[in-house]
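What follows is each chain in one-letter form.
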Amino acid sequence: MEEDIQVNIQSDQDIVIARHKGRSLAAALNFSAGEATLIATAISELARNIVTYAKKGVIRLKVLNGESARRGIRVVARDEGPGIADVEQALRDGFSTSGSLGLGLPGVRRLVDEFQIESRRNQGTTVTVTKWKP
Amino acid sequence: MEIPILRQGKVLIATLQAAVTDVDLMRLRTALVQEVVRGRSRGVIVDVTAIDVMDSFASRVLQDLAHMIRLRGAETVIVGIQPDVAFAMVQLGLRLESVATALDLEEGMDYLNREFKTLA
Amino acid sequence: MRERLLILPIIGVIDPQRPRQLTEQLLRGIRSNRVVIDITGVAAMDATVANHLVQTVEASRLLGATVIVTGLSPEIAQMIVNIGVDLGKMNTVGDLQGGIAQAERLLGYKVEPLVNGS
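Quick look at the structure, then. Residue positions are counted from 1 within each chain, in the order its sequence is given. To read the labels, note that chains go from A and ligands from 1, taken in the order they are written. Totals for whole chains, interfaces and linings use every residue, but because this is a predicted model, local features are given only for residues with pLDDT of at least 70 and side-chain atom pairs only at 80 or more, for both listing and counting.

A few points about the overall build of chain C
Helix and strand assignments follow DSSP, with helices taken as H or I runs no shorter than four residues and strands as E runs no shorter than two, numbered in order from the N terminus. The secondary structure content of chain C amounts to four helices and four strands. Around each residue's C-beta, the other C-beta atoms within 10 Å are counted; 20 or more make the residue buried, 12 or fewer make it exposed, and counts in between make it partly exposed. All C-beta atoms are placed from the backbone. By residue count, 39% of the 118 residues in chain C fall in the buried class. Any residue pair is listed as a contact if its two C-beta atoms, each placed from the backbone, are within 7 Å. The long-range fraction of contacts in chain C, counting pairs at least 24 apart against all pairs at least 6 apart in sequence, stands at 82%.

Comments concerning helix α1 (residues 12-28) of chain A
Residues and elements named next belong to chain A. For α1, which comprises 17 residues, the first-to-last C-alpha distance of 25 Å matches the rise-based estimate of 24 Å (1.5 Å per residue) to within 8%. Buried within α1 are the following residues: D14, I15, A18, R19, G22, R23, L25 and A26. As for α1, its buried residues are in contact with β1 (4-9), α2 (33-54), β2 (57-65) and β3 (71-79). Each helix should span, by expectation, one fewer than its residue count multiplied by 1.5 Å.

Section: the environment of T101 of chain B
Within the secondary structure, T101 of chain B sits in strand β5 (residues 100-102). Residue T101 of chain B is classed as buried on the basis of its 25 C-beta neighbours within 10 Å. Through-space distance from the C-alpha of T101 of chain B to that of G43 of chain B is 13 Å; in sequence the pair is 58 residues apart. Look past the residues within four positions of T101 of chain B in its chain and what remains in contact with it is V77, I78, I81 and L96 of chain B together with R61, L62, L63 and G64 of chain C.

Things to note about the interface of chain A and chain B
Between chain A and chain B, the contact holds 19 residues from the first and 16 residues from the second. The leading source of residues in the side of chain A that touches chain B is α2 of chain A, at nine residues. The residue classification treats Ala, Val, Leu, Ile, Met, Phe, Trp, Tyr, Cys and Pro as nonpolar and Asp, Glu, Lys and Arg as charged. All others, Gly included, are polar. Grouping the amino acids of the side of chain A that touches chain B by side-chain chemistry returns six nonpolar, seven polar and six charged.

Re the nonpolar core
For this entry, the nonpolar core is defined as buried Ala, Val, Leu, Ile, Met, Phe, Trp, Tyr and Cys residues connected by C-beta atoms within 7 Å. Ranked by internal contacts, the top residues of the largest apolar core, which has 85 residues, are A42, L46, A47 and I59 of chain A together with A86 of chain B. A per-element tally of this core places α2 of chain A first, with ten residues. Discounting chain neighbours no more than four positions away, the residues touching A47 of chain A are I9, D14, I15, A18, R19, I59 and A77 of chain A.

With respect to the packing of α2 of chain A against helix α3 (residues 83-92) of chain B
Put simply, α2 of chain A and α3 of chain B touch, their axes get as near as 9 Å, and they point 45° apart. With respect to each other, α2 of chain A and α3 of chain B are oriented oblique. Between α2 of chain A and α3 of chain B lies a crossing whose hand is right-handed. Here α2 of chain A contributes A33, G34, T37, L38, T41 and E45 of chain A to the contact with α3 of chain B, which in turn contributes D84, V85, F87, A88 and L92 of chain B. With axes taken as lines fitted to C-alpha atoms, and helix axes fitted only over the stretch in contact, angles between N-to-C directions fall between 0 and 180 degrees. By definition in this entry, angles of less than 35 degrees are roughly parallel, angles greater than 145 are roughly antiparallel, angles of 65 to 115 are roughly perpendicular, and the rest are oblique. Each helix crossing is assigned a hand: it is left-handed if the near helix lies turned anticlockwise from the far helix by less than a right angle, otherwise right-handed if that turn is clockwise.

Overview of the packing of helix α2 (residues 47-62) of chain C against helix α3 (residues 74-83) of chain C
Residues and elements named next belong to chain C. Closest axis-to-axis distance for the α2/α3 pair is 9 Å, and the angle between their directions is 75°. What the angle tells us is that α2 and α3 run roughly perpendicular. Between α2, through A47, A50, N51 and V54, and α3, the contact on the second element is made entirely by I76, M79, I80 and I83. Here the contact of α2 with α3 is built from residues that sort into seven nonpolar, one polar and no charged.

This is the structure in structure tokens:
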């Protein structure tokens, strides 16, 4: 089993590839089907943001070995796109641009255990989420 | 990947496969609306049993699809959303408002038949 | 086709671990399109669990089921309203008998008690 997987994100097909790899990795680590779906869904949303707003970026999937044999999956979604001007605003529930769910970041946060975001205007965005096996 | 559309009387049935891309979904939306017009269909069933992830885009396309089809005088039912997928959708805040849902193909057909009777 | 009713009684204190399990159990058990969740036996519920209940109702809806929540105490009802959920959108009834009665109304005929998930 690969411990570190990288998927270049540029098209809608890459979104499917990324979430499929995420699901496979989750299955290999014996996450439950439900948890694997949460992980795959989070990856899908993050990859989608890259395609929509940054045109291209990278998703990295890492296996984590935590304390007392605890295992987890870390997803790092990184792009060199326009960045988010107001991260606080983007993380507030109900934030929307043109009536859509916007970046859907509050939603993604609910799917995972740990959520971190770094973004600056014109300096790209990096979202890091982690899901631990209970 | 093209998604096949089956015709069963006045109902169209489209079955999605697991690796459906954004482009596939948008093509399906267009094709279904065209078929509804062409065949004067009264109902559309979109079967998502094989879908393992429903994200914001898929949710939006399905809502648009239902809306466009309703403008053509037909009713849409989404069937087969899996329990895990439903749970993830709700976490993301995707509710598929104003779109009918049913457990499976059979229930979807029952729903449409009831609707047809009411509207007749 | 005969529609069947699934009744899920929830008893006791719901600790944070259980909601996820309950939801998974419920969603997998949905084979009918009317579900009654009875929380008469629930002693206490915090906002997290109340939130979870709401999510379960919404997820059930995606599976094509209509959920009726019965046994809602005024305290829990208030909690749900505080979360921001419009109780008018949820089917709620005071007690289990009332819940079954409402389900019967929705189904259009009398419901027999389920025996061991038959």
